[in-house]
Amino acid sequence: MTVQELGQRAKKTQVFLSQVSTEDKNRALISIADALENNKEAIIKANDIDIENGKTAGLGDGLLDRLMLDSERIDGIASGVREVAALEDACGKVVYEYEKDNGLKIQKITVPIGVIGIIYEARPNVTADAAALCLKSGNSVILRGGKEAINSNKAIVKIMQDALESAGFPRDVVQLVEDTDRSSATEMMKMTDYLDCLIPRGGKGLIKSVVENSTVPVIETGSGNCHIYVDKTADIDMAAEIIFNAKTQRISVCNACESLVIHKDIIAAALPAIKVRLDEMNVQVRGDECAQQVCDDIYPATEEDFYTEYLDYIISVKTVDSVEEAIDHINEHSTGHSEAIITNDDAAAKLFMQCIDSSSVYVNASTRFTDGGEFGLGAEIGISTQKLHARGPMGIDGLTSTKYLIFGNGQVR
């Protein structure tokens, strides 16, 4: 089936979805969650093929980790779908009401965006997460994953479509582009007749390509060059523990810490303690001249290192003279995703939170919490690093638009 045909089919589901009750959507979501759990063997079998193909193609450990599905991860995906079902419906909310002197009543309500296209890479969990969020928010979705996960994605989408059909929904509410040639992604970027919104989720190259080439409106989800700033008043043990978690708990995710910024007054005491923890996972530290003088085995950092999302056991270190310099460095090199300050100074924390221009800003906590589930949104469609419409972890509210309803009894102007 061509990408255009998928678009035509998706568009035809809009009238159906506009009439579906919250209860019906929740019932369909629970059916999907149950089906995913009941068909683990089929999903894992398909995923094994993708893993083997990935190893043959020379994918790195980070990408293989993103690609891998096991029983526990499938349980997590199903749990995320159930969490979405439990959320309050984002559609039909009255956000504005006004009655004119002539009796004309005006309401502004939340509605689905319509047909959403999602282009993503080797993350088969995104397939279920995105479908669940789009369904709960009343949208149909066309999914276009990378070739690395095609077998996993096909298995997951078939299971979801069967579950939708058993719940009385059209199968075309959730569709997959099975052609993984780059041309299919390019075609989606031009499908203004059928797609109301396009969301890229993946690496910097993918996102840049979609943003620059799409004529369909794009919600940009960004890569994560996430920073942690260790202020001069920081608790060093706390800093070491938070940085260890943020860097090593899972290296392949966009909310992992890639860059450290450390105040010059504390670096001599803090960096050795931090490096002891990072050495447990053989993390390579690339630092500026001051960092190299403080610790052995620090590789020299280039300017490019300070811009890099490694998705690997590598981290950069920059030394600064003040919280203001830390803010300037982070805002210049960040991708606008997540940044944290470790400090015992309330004024420094307040300044950092006010001035850092990223979607999520932390005080004394790991950046690994930037996630739709962790923020109480259920699953997430991605982490938006743009500033229009939606920003940060995108749940169902980010997948709605608005329209006006006007009630009259013969008024004319």
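Below is a summary of the structure that appears in this document. (Residues numbered from 1 in each chain as written. Predicted model: local features only at pLDDT ≥ 70, side-chain atom pairs only at ≥ 80, totals over all residues. Heavy atoms only, no water.)

Some thoughts on the environment of S223
Considering the arrangement of structural elements, one finds S223 in the loop between α10 (204–213) and β7 (226–230). Sequence-wise, S223 and T335 are 112 residues apart; in three dimensions their C-alpha atoms are separated by 6.4 Å. (Helix = DSSP H or I, 4+ residues; strand = E, 2+ residues; numbered from the N terminus.)

Describing the sheet that holds strand β3 (residues 115–120)
What the 4 strands build is an open sheet, ordered β5-β4-β3-β6; its pairing is parallel. Looking at strand neighbours, the two that pair on one side only are β5 (174–176) and β6 (197–201), the edges of this open sheet. Recorded for the sheet is a direction-independent mean angle of 20° between the axes of neighbouring strands. Across 5 bridges, β3 lies against β6 in parallel orientation. Each bridged residue has a counterpart across the sheet, and for I118 the counterpart in β6 is I199. Relative to the sheet, helix α7 (residues 124–136) contacts β3, β4 (140–144), β5 and β6, its axis offset from that of β3 by approximately 165°. (Pairing = 2+ DSSP bridges. Axes fitted to C-alpha atoms, helices over the stretch in contact; angles between N-to-C directions. Contact = heavy atoms within 4.5 Å.)

So, the pairing of β4
For β4, the buried fraction is high: 5 of the 5 residues fall into the buried class. Here β4 shows no split at all, with S140, I142 and R144 on one side and V141 and L143 on the other all buried. Pairing of β3 with β4, which is carried by 5 bridges, proceeds in the parallel orientation. By the bridge assignment for β4, V115 is matched with S140. Chirality of the crossover, the property in question, places the unit of β3, α7 and β4 among those that are right-handed. (Buried < 20%, exposed > 50% of the residue type's maximum accessible area, 1.4 Å probe, protein only. Right-handed = clockwise from strand over helix to strand, strands pointing away.)

As for the packing of helix α3 (residues 22–38) against α7
Between α3 and α7, whose axes approach to 9 Å, the crossing angle comes to 165°. Comparing their axes, α7 and α3 come out roughly antiparallel. Between α3 and α7 lies a crossing of right-handed hand. Here α3 contributes T22, K25, N26, A28, L29, I32 and L36 to the contact with α7, which in turn contributes A128, A132, L135 and K136. (Parallel < 35°, antiparallel > 145°, perpendicular 65-115°, else oblique. Left-handed = near helix turned anticlockwise from the far one by under 90°.)

Thoughts on the packing of aromatic side chains
In this structure the tally under the stated criterion is 2 aromatic pairs. Aromatic side chains F16 and F169 sit 5.2 Å apart centroid to centroid with 75° between the ring planes, which places their arrangement in the edge-to-face category. Of this pair, F16 sits in helix α2 (residues 14–19) while F169 sits in the loop between α8 (150–166) and β5, and the two are 153 residues apart along the sequence. The class for F16 is partly exposed, based on a relative accessible area of 29%. Exposure remark for F169: the relative accessible area of 6% places this residue in the buried category. For R277, the ring lying beneath its charged end belongs to F244, and the centroid distance is 4.0 Å. (Phe/Tyr/Trp six-rings, centres within 6.5 Å; stacked < 30°, edge-to-face > 60°. Lys NZ or Arg CZ within 6 Å of the ring centre and 35° of its normal.)

Focus: helix α11 (residues 236–248)
With 13 residues, α11 ought to run about 18 Å at 1.5 Å a step, and its terminal C-alpha atoms sit 18 Å apart, in line with that. Those residues of α11 that are buried are in contact with β7, β8 (257–263), α12 (267–279), β11 (314–320) and β12 (338–342). Put simply, D235 is the residue that caps the front of α11, since its side-chain oxygen is 3.0 Å from the backbone nitrogen of D237. (Expected span 1.5 Å × (residues − 1). Polar contact = N/O pair within 3.5 Å; in protein donor to acceptor, adjacent residues only side chain to side chain.)

Examining a nonpolar patch on the surface
On the surface, V95, Y96, Y98, Y404 and I406 cluster together into a nonpolar patch covering about 520 Å² of accessible area. Contributions of two or more residues to the nonpolar patch are made by β1 (94–99) and β16 (400–407). With 3 residues, β1 is the single largest residue contributor to the nonpolar patch. Judged by its relative accessible area of 48%, Y404 falls in the partly exposed class. (Patch = residues over 30% accessible without salt bridge, like charges linked within 9 Å, V, L, I, M, F, W, Y side chains within 5 Å. Areas by Shrake-Rupley, 256 points an atom, 1.4 Å probe, with all protein chains shown as cover. Salt bridge = Lys/Arg side-chain N within 4 Å of Asp/Glu carboxyl O.)

Details of the pattern of salt bridges
For the structure shown, the criterion picks out 22 salt bridges. For E52, the salt bridge goes to K55, with nearest N and O atoms at 4.0 Å. Of this pair, E52 and K55 both sit in helix α4 (residues 40–56), separated by 3 residues, roughly a single helical turn. For E52, a relative accessible area of 46% puts it in the partly exposed group. Between D279 and K275 there is a salt bridge whose closest N-O contact spans 3.0 Å. A residue pair is termed a helical-turn pair when its members lie 3 or 4 positions apart in one helix, as D279 and K275 do in helix α12 at 4 residues. Several salt bridges converge on common partners, so that one network encompasses K158, D162, E165 and R171.

Geometry only, nothing functional implied.
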